[in-house]
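Each chain, written out:
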Amino acid sequence: QVQLVESGGGLVQAGGSLRLSCAASGSTFSRADMNWYRQAPGKQRELVASITSDGYTNYADSVKGRFTISRDNAKNTVFLQMNSLKPEGTAVYYCNARKTSFPGYTYWGQGTQVTVSS
């Protein structure tokens, strides 16, 4: 069982920055790929950024150059640094842990609200 707890959301003006954190329980964190998703009102959940267990990163085109995902395996934590935020970035941001090697799993956090005012 893995529990994910997000923090760091809030209200920010357009152009501002926020840093989200996702603290994970469990001893297999370092072997899991970690992802940040977001879901805006009335829209489907979308993948924002990913970091593999080996540290390779990938980003949605809409956030490339502005968001940075990172992880600290010693602290079982993944981060999402969000700069130059735009109003369309308003959404609930979810942390996701996915381990594909046996025994595999997928877990979600409860989400943290990010609101970007224009």
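Above this text sits the structure in question.
A brief report on the enclosed structure follows. Every residue gets a number counted from 1 within its own chain, in the order that chain's sequence is written. Note on the predicted model: pLDDT of at least 70 is required for a residue's local features to be given, and 80 or more for side-chain atom pairs to be given and counted; whole-chain, interface and lining totals, by contrast, use all residues. Values shown for side chains rest on all heavy atoms present in the structure; no hydrogens or waters enter the calculation.

### Examining the overall build of the chain
- Strands are runs of DSSP state E lasting at least two residues, helices are runs of H or I lasting at least four, and both sets are numbered from the N terminus onward. For the chain, the helix and strand inventory stands at zero helices and eleven strands.
- Going residue by residue from the N terminus, the α and β elements of the chain occur as β-β-β-β-β-β-β-β-β-β-β.
- Our radius of gyration looks at C-alpha atoms and nothing else; its globule reference is 2.2 Å times the residue count to the power 0.38. Radius of gyration (C-alpha) of the chain: 14 Å, near the 13 Å computed for a compact globule of 118 residues.
- Taken along its principal axes, the extent of the C-alpha atoms in the chain is 45 × 25 × 25 Å.

### Some remarks on the nonpolar core
- Of all hydrophobic cores here, the largest spans 32 residues; its most connected members are Leu-4, Met-34, Trp-36, Val-78, Leu-80, Met-82 and Tyr-93.
- Mapped onto this core, the elements with two or more residues apiece are strand 3 (18-24), strand 4 (33-39), strand 5 (46-51), strand 7 (67-72), strand 8 (77-82), strand 9 (91-99), strand 10 (105-108) and strand 11 (112-117). Residues belong to a common nonpolar core when they are buried Ala, Val, Leu, Ile, Met, Phe, Trp, Tyr or Cys residues joined through side-chain atoms within 4.5 Å. Only protein chains enter the area calculation, which uses a 1.4 Å probe; residues under 20% of their type maximum are buried, those over 50% are exposed, and those in between are partly exposed.

### Details of the environment of Phe-67
- Position of Phe-67 among the secondary structure elements: in strand 7.
- Remark: the alpha-carbon pair of Phe-67 and Leu-18, spanning 49 residues in sequence, is separated by 9.7 Å.
- Here, two residues are considered to be in contact whenever any of their heavy atoms come within 4.5 Å of each other. Contact partners of Phe-67, with chain neighbours within four places excluded, come to Arg-38, Val-48, Tyr-59, Leu-80, Gln-81, Met-82, Asn-83, Leu-85 and Tyr-93.

### A few points about unusual backbone geometry
- With omega at -5°, the peptide bond leading from Phe-102 into Pro-103 counts as cis.
- Phi angles above zero are rare outside glycine, and Asn-76 is one such case at about 50°.
- For Asn-76, the position within the fold is in the loop between strand 7 and strand 8.
- In the Ramachandran plot, Ser-84 falls in the positive-phi region, its phi being about 50° despite a non-glycine side chain.
- Within the fold, Ser-84 resides in the loop between strand 8 and strand 9.

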